[in-house]
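# Breakdown of the fold
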Amino acid sequence: MSGPRLGPDAREQIAAHLQAIFAEIEGQPIPDDQIDLLLALRRAERELARKEP
């Protein structure tokens, strides 16, 4: 997929914003609904693995 690329200033700004968000949520517990989604994903992965030859 090709298209316009972000310039270095935009990439730095996005990176700084993401780092701030991750720093804010670091160490907080994972919400139950997110755990449920992760478990469902794992079950689906296992089902797919069983179906592969």
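The notes below deal with the structure included here. (Residues numbered from 1 in each chain as written. Predicted model: local features only at pLDDT ≥ 70, side-chain atom pairs only at ≥ 80, totals over all residues. Heavy atoms only, no water.)

## Here's the deal with the overall build of the protein chain
Helices and strands together make up the secondary structure of the protein chain, namely two helices and zero strands. Taken over the C-alpha trace, the protein chain has a radius of gyration of 18 Å; the compact-globule value for 53 residues is 10 Å, which it surpasses by more than 25%. Across its three principal directions, the C-alpha atoms of the protein chain cover 45 × 35 × 15 Å. The 53 residues of the protein chain split such that 0% are buried. By element, 58% of the accessible surface of the protein chain is carried by carbon and sulfur atoms, the whole surface being about 5,500 Å². (Helix = DSSP H or I, 4+ residues; strand = E, 2+ residues; numbered from the N terminus. Rg over C-alpha atoms; globule rule 2.2 N^0.38 Å. Buried < 20%, exposed > 50% of the residue type's maximum accessible area, 1.4 Å probe, protein only. Areas by Shrake-Rupley, 256 points an atom, 1.4 Å probe, with all protein chains shown as cover.)

## A few points about a nonpolar patch on the surface
On the surface, L6, I14, L18, I21, F22 and I25 cluster together to form a nonpolar patch covering roughly 540 Å² of accessible area. The residue I21 is located in helix α1 (residues 8-25) in this model. Classification of I21 by relative accessible area gives partly exposed; the value is 34%. (Patch = residues over 30% accessible without salt bridge, like charges linked within 9 Å, V, L, I, M, F, W, Y side chains within 5 Å. Salt bridge = Lys/Arg side-chain N within 4 Å of Asp/Glu carboxyl O.)

## Observations concerning α1
Taking 1.5 Å per residue, 18 residues should reach 26 Å; α1 reaches 26 Å between its end C-alpha atoms and fits that length. For α1, a buried count of zero out of 18 residues is recorded, marking the element as mostly open to its surroundings. Count one or two residues on from α1 and you reach G27, which has phi positive near 85°. (Expected span 1.5 Å × (residues − 1).)

## Notes on the environment of A44
Secondary-structure assignment places A44 in helix α2 (residues 32-51). Take A44: its relative accessible area is 37%, and that puts it in the partly exposed class.

## Points about the pattern of salt bridges
Evaluation of the coordinates by the stated rule reveals two salt bridges. R50 is paired through a salt bridge with E47; the nearest N and O atoms lie 2.5 Å apart. One end of the pair is R50 and the other is E47, both in helix α2 and three residues apart, which spans about a single turn. Residue class for R50 comes out exposed when judged on its relative accessible area of 60%.

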